[in-house]
Amino acid sequence: MNKKKTTKKMEAITYTRKNGYTKISPATLKNIENFSKTYLTYLGDSKTEREAHDEAVKLLDKAGFKNLADFKSLKAGDKVYKSCDGKTLMAVVIGKQPLEKGMHILGAHTDSPRIDIKQNPLYEAGDMALLDTHYYGGIKKYQWVTIPLAIHGVFIKPNGKKITINIGENPNEPVLCISDILPHLAQDQMGKSMAKGIEGENLDIIVGSIPVNEKNKKEAIKHNVLKILNKKYGIVEEDFLSAEIEIVPAARPRHAGLDESMILGYGQDDRVCAYASLEALLNLKQVPHYTSCVLLCDKEEIGSVGATGMASNFFENVSSELVNLAYPQYNELILKRMLNNSWMLSADVNALFDPLFPGAFEKKNAAIINHGLCVTKFTGSRGKAGANDANAEFVAHIRRIFDKADIVWQTAELGKVDVGGGGTIAHLMARYGMNVIDCGVGLLSMHAPMELAGKLDIYMAYAGYLAFLKDTRK
Ligand code: MN
Ligand code: MN
């Protein structure tokens, strides 16, 4: 055997992950650039779960999807969506196969770690007005001080009127911030652990410092802030009681790296997979074999609880509605078969190997940037506890689908054994007996105000999800 042949044989029996840029075509390179442009727009316009929902609905409407309530019956090719309280969204393209054969589901989440305003938030201290907060999701608190912040959310008046607030994104608008103590006076703070250096109760937002121009006014600075809000939005202090106001980093996402190979932006966990899933559904050129379904859900970062979280019955209820409209008569057994026979990619992010923190990873089994869409067989922590550990049979199907479609992809686990862990919505869907596997984009600095992702990985998520939706299981 000559040398060349030996090498070829070795390639066949060994497995090596490769940087995707070493094997993609010029056409794919162009697709990556185009996809990251539209993604930047979606990510920049979707700073909250409500905004991510509304931007998704805009795209669905444009592509001819209609509200479930508009249908009297369902047939192959019909494009349907259903909203849950303006936060969670389910969009479906009815396939050629009957529903009881199962759906191909992409499930992502659109809520991201952030800082929420309390119900009675406004107070005065040190001749400044501040908003009291309670953070949402797993954040490292020290990362959120002294950076420009924006305020997004809704006030709902007792008569049901919704007032949307959005300040800090436009360069002409002011931003907000949380203070930190100067290093000169930080002797006490610097001796504390990073978890304790900034306390949760101290993540309060500075919103003003000018007293209202009225004689003998008590809390004149707070009053002035209320006057500004009243003039611009018609709200009074009591309206904070029925509001959902979120504080998020005040910057649009940007291309990152001198080679512009990455995206730096807030909320990529999990809006990166949400957008890739949505685009996959929107780009089904033909009626899919199996019914295609995209779930963009809320509350994942706090355990998927609540009416808009994946642990609620929303998905199952909408699935019942689909069965009801697609069959002459509703039958719960059809619903159960449909859920049991479904396949799902739990479209959520994983952690990229970070060369500055190599100790947190076992490199062979860590996601590497630009090595493609990341398949995570199991999540969980300390002995896989809490994991949806996907069947090898299902992983084999995923291999077949991605390899056939020339997807650059890799497998990974979330960090080294016993250093931590995490979960997704996968286990909540696996309850139905369906095949579910975690599959998404790797991120650096996950849950930080600015998260970093590779453009190739983002595009491969979209392309892989599209191949999954189109698959005929053969
Ligand atoms: Mn996530
Ligand atoms: Mn997360």
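Bear in mind that the values here come from a model prediction, so they are computed numbers and not experimental data.

Brief notes about the coordination of the manganese ion (ligand 1)
Piece 1. Around the manganese ion (ligand 1), the protein contributes the donor atoms His-109 (NE2), Asp-269 (OD), Asp-348 (OD) and Asp-348 (OD), at 2.2 to 2.6 Å from the metal centre.
Piece 2. Donor residues for the manganese ion (ligand 1) sit on one chain with the sequence pattern H-x159-D-x78-D.
Piece 3. Between the manganese ion (ligand 1) and the manganese ion (ligand 2), the interatomic distance is 3.4 Å, and Asp-269 donates to each metal, bridging them. Taken together, the positions of His-109 in strand S4 (residues 103-109) and Asp-348 in the loop between strand S14 (343-346) and strand S15 (350-351) put the pair 239 residues apart, joining distant regions of the chain.

Considerations on the coordination of the manganese ion (ligand 2)
Piece 1. Looking at the metal site, the manganese ion (ligand 2) is ligated by Asp-269 (OD), Glu-301 (OE), Glu-301 (OE) and His-447 (NE2), spaced 2.0 to 2.5 Å from it.
Piece 2. Each donor residue of the manganese ion (ligand 2) belongs to the same chain, and together they define the spacing D-x31-E-x145-H.
Piece 3. With relative accessibility at 2%, the residue Asp-269 sits in the buried group.

Remarks on the domain arrangement of the chain
Piece 1. The domains assigned to the chain are domain 1 (7-112 + 266-470) and domain 2 (114-249).
Piece 2. With centres defined by C-alpha atoms, the gap from domain 1 to domain 2 works out at 34 Å.
Piece 3. Each partner contributes residues to the interface: domain 1 has 18 residues there, and domain 2 has 17 residues.
Piece 4. The junction of domain 1 with domain 2 conceals about 1,400 Å² of combined surface from both sides, 50% of it contributed by carbon and sulfur atoms.
Piece 5. A per-residue breakdown of the area domain 1 buries against domain 2 is headed by Lys-47, Arg-50 and Pro-449, which together make up 36% of the total.
Piece 6. Linking Lys-47 and Glu-169 is a salt bridge whose minimum nitrogen-to-oxygen distance equals 2.8 Å.
Piece 7. Viewed at the interface, domain 2 and domain 1 are joined by 9 residue pairs in polar contact (both at pLDDT 80 or more).
Piece 8. Of the residues belonging to the side of domain 1 that touches domain 2, the class tally is 5 nonpolar, 3 polar and 10 charged.

Structural notes on unusual backbone geometry
Piece 1. Looking along the chain, the bond that leaves Asp-269 and enters Asp-270 is cis, with omega of 10°.
Piece 2. By the element assignment, Asp-270 lies in helix H7 (residues 268-282).
Piece 3. One non-glycine residue, Asn-370, lies in positive phi territory at about 65°.
Piece 4. In this fold, Asn-370 is placed in the loop between S15 and strand S16 (373-376).
Piece 5. The backbone phi angle of Arg-473 is positive, close to 65°, even though this residue is not glycine.
Piece 6. In this structure, Arg-473 sits in the segment after helix H12 (455-470).

Describing the pairing of S16
Piece 1. Side chains of S16 alternate between two faces, with Leu-373 and Val-375 and Cys-374 and Thr-376 buried alike.
Piece 2. Relative to strand S18 (residues 409-411), S16 runs parallel, the two sharing 3 bridges. Counterpart to Leu-373 in the pairing with S18 is Trp-409.
Piece 3. Looking at chain direction, S16 and strand S20 (residues 435-440) are connected through 3 bridges and run antiparallel. Residue pairing across strands places Val-375 opposite Cys-439, the latter belonging to S20.

Concerning a nonpolar patch on the surface
Piece 1. Judged by side-chain polarity, Ile-181, Leu-182 and Leu-185 come together as a nonpolar surface patch covering roughly 270 Å² of accessible area.
Piece 2. Checked against the element boundaries, Ile-181 lands in the loop between strand S8 (162-167) and helix H4 (187-190).

Things to note about the layout of surface pockets
Piece 1. Space inside the largest pocket adds up to approximately 1,100 Å³.
Piece 2. Lining the largest pocket are 39 residues; nearest its centre among them are Ala-351, Leu-414, Ser-445, Met-446 and His-447.
Piece 3. Where the lining of the largest pocket is concerned, the elements lending two or more residues are S15 and strand S19 (421-422).
Piece 4. Grouping the amino acids of the lining of the largest pocket by side-chain chemistry returns 15 nonpolar, 17 polar and 7 charged.
Piece 5. The two domains that each donate at least three residues to the lining of the largest pocket are domain 1 (7-112 + 266-470) and domain 2 (114-249).

Here's the deal with the sheet that holds strand S9 (residues 205-208)
Piece 1. Reading across from one edge, S8-S7-S10-S5-S6-S9 is the order of the 6 strands in this open sheet, with antiparallel pairing throughout. This sheet does not close on itself; its edge strands, each paired only once, are S8 and S9. When the angles between neighbouring strand axes are averaged without regard to direction, this sheet yields 30°.
Piece 2. As judged from the 6 bridges shared by strand S7 (residues 149-156) and S8, these two strands associate in the antiparallel manner. Its bridge partner lying in S8, Val-154 is registered against Thr-164.

Let's talk about the packing of aromatic side chains
The geometry of two aromatic rings is summed up by the distance between their centres and the angle between their planes.
Piece 1. Across all of its chains, the model carries 12 aromatic pairs by this definition.
Piece 2. Ring pairs connect the aromatic residues Phe-35, Tyr-39, Tyr-42, Tyr-275, Tyr-459 and Tyr-462, which therefore count as one cluster.
Piece 3. Cation over ring: Lys-384 sits above Phe-378, and NZ or CZ is 4.0 Å from the ring centre.
Piece 4. The ring of Tyr-290 has Arg-473 sitting right over it, with the charged end atom 4.2 Å from the ring centre.

A look at the sheet that holds strand S12 (residues 262-265)
Piece 1. Taken in spatial order, the 3 strands line up as S11-S12-S22 in an open sheet, and their pairing is antiparallel. A strand with exactly one partner marks an edge of an open sheet, and here the two such strands are strand S11 (254-256) and strand S22 (451-454). Strand-to-strand twist in this sheet, taken as the mean axis angle between neighbours without regard to direction, amounts to 35°.
Piece 2. Sheet topology places S12 next to S22; 4 bridges connect them, and they run antiparallel. Within S22, the residue paired with Ile-263 across the bridge is Ala-453.
Piece 3. The sheet contacts of H7 involve S12 and S22, and relative to S22 the element is tilted by about 35°.
Piece 4. The strands touched by H12 are S11, S12 and S22; relative to S22, the strand with the most contacts, the crossing angle is about 70°.

Reading the values: the criteria
- Residues numbered from 1 in each chain as written.
- Chains lettered and ligands numbered in written order.
- Predicted model: local features only at pLDDT ≥ 70, side-chain atom pairs only at ≥ 80, totals over all residues.
- Heavy atoms only, no water.
- Donors = N, O, S within 2.8 Å, 3.2 Å for Na, K, Ca; no water.
- Helix = DSSP H or I, 4+ residues; strand = E, 2+ residues; numbered from the N terminus.
- Buried < 20%, exposed > 50% of the residue type's maximum accessible area, 1.4 Å probe, protein only.
- Domains from an automatic or database assignment.
- Contact = heavy atoms within 4.5 Å.
- Buried area = accessible area lost by both parts, 1.4 Å probe.
- Salt bridge = Lys/Arg side-chain N within 4 Å of Asp/Glu carboxyl O.
- Polar contact = N/O pair within 3.5 Å; in protein donor to acceptor, adjacent residues only side chain to side chain.
- Nonpolar A, V, L, I, M, F, W, Y, C, P; charged D, E, K, R; others polar.
- Pairing = 2+ DSSP bridges.
- Patch = residues over 30% accessible without salt bridge, like charges linked within 9 Å, V, L, I, M, F, W, Y side chains within 5 Å.
- Areas by Shrake-Rupley, 256 points an atom, 1.4 Å probe, with all protein chains shown as cover.
- 1 Å grid on protein atoms, 1.4 Å probe; cavity = no way out; pocket = protein on both sides within 12 Å on 5 of 7 lines; lining within 4 Å.
- Points joined across faces, edges and corners; volume = space filled by probe spheres on them.
- Axes fitted to C-alpha atoms, helices over the stretch in contact; angles between N-to-C directions.
- Phe/Tyr/Trp six-rings, centres within 6.5 Å; stacked < 30°, edge-to-face > 60°.
- Lys NZ or Arg CZ within 6 Å of the ring centre and 35° of its normal.

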